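# Examining the three-dimensional arrangement
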Amino acid sequence: MGFYLNGTAAYGLFRRDCASLYYVDKTLILEELTAAVETDYDMSGSTDASIRENPKYISITRPRRFGKTVMANMIASYFGKGIDSRLEFDRLKVSSFSWYQRHLNQHNVIHIVFNELPDGNPTYESYMTRIKNRLRTDLKKAYPAD
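Structure report, in brief. (Residues numbered from 1 in each chain as written. Predicted model: local features only at pLDDT ≥ 70, side-chain atom pairs only at ≥ 80, totals over all residues. Heavy atoms only, no water.)

A few words now on the overall build of the chain. Assigned secondary structure in the chain consists of seven helices and zero strands. Reading the chain from its N terminus to its C terminus gives the helix and strand order α-α-α-α-α-α-α. Residue pairs at least 24 apart in sequence account for 68% of intrachain contacts in the chain once pairs closer than 6 positions are excluded. Per element, the accessible surface of the chain, about 10,100 Å² overall, is 54% carbon and sulfur. (Helix = DSSP H or I, 4+ residues; strand = E, 2+ residues; numbered from the N terminus. Contact = heavy atoms within 4.5 Å. Areas by Shrake-Rupley, 256 points an atom, 1.4 Å probe, with all protein chains shown as cover.)

Spelled out as structure tokens, the structure:
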């Protein structure tokens, strides 16, 4: 698929992590994320408590070296349409949920890594330009104009 939209890089990294001798299954967080994905609500002026409980935007934070990248790769691998990740997830805790198959590889996911500059990008600005151009290309390919 695309470079940023439904790419396969996150899956390759997640697959490698899953095969590690010391992999810890943290797929239960997908239960909370799936609830947010399934919630269809209008944020405009609503005081409904369920909206506050299921936010539209989610930030996952952890201290340095506590697995944010592993978790981001897992989330992109589960939701993203880029590659069939059933072999990895079928053996993990998330596979026991009723909604597991309904969301596995069924969503468009944009996955961008910001923690290092790739070769050929000497500055952060050049890296941001590269991201914008590649993301624009991915989106045009996925959603062609009429």
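The next thing to look at is the packing of aromatic side chains. In the structure shown here, the tally under the stated rule is eight aromatic pairs. Between the aromatic rings of F3 and Y4, the centroid separation amounts to 4.8 Å while the plane-to-plane angle is 90°, which identifies the pairing as edge-to-face. Look at Y78 and W99: their rings are 6.4 Å apart centre to centre, the planes differ by 80°, and that puts the pair in the edge-to-face class. Taken together, the residues Y78 in helix α4 (residues 68-79) and W99 in the loop between α5 (86-89) and α6 (100-103) connect sequence positions 21 residues apart. For the pair Y78 and W99, one class covers both residues: buried. Here the aromatic cluster, defined as three or more aromatic residues joined through ring pairs, consists of F14, Y23, Y78, F79, F89, F97, W99 and Y100. (Phe/Tyr/Trp six-rings, centres within 6.5 Å; stacked < 30°, edge-to-face > 60°. Buried < 20%, exposed > 50% of the residue type's maximum accessible area, 1.4 Å probe, protein only.)

This part is about unusual backbone geometry. Although it is not a glycine, R65 adopts a positive phi angle of roughly 70°. Unusually for a residue other than glycine, N105 sits at a positive phi of about 55°. N105 sits in the buried class, given a relative accessible area of 12%.

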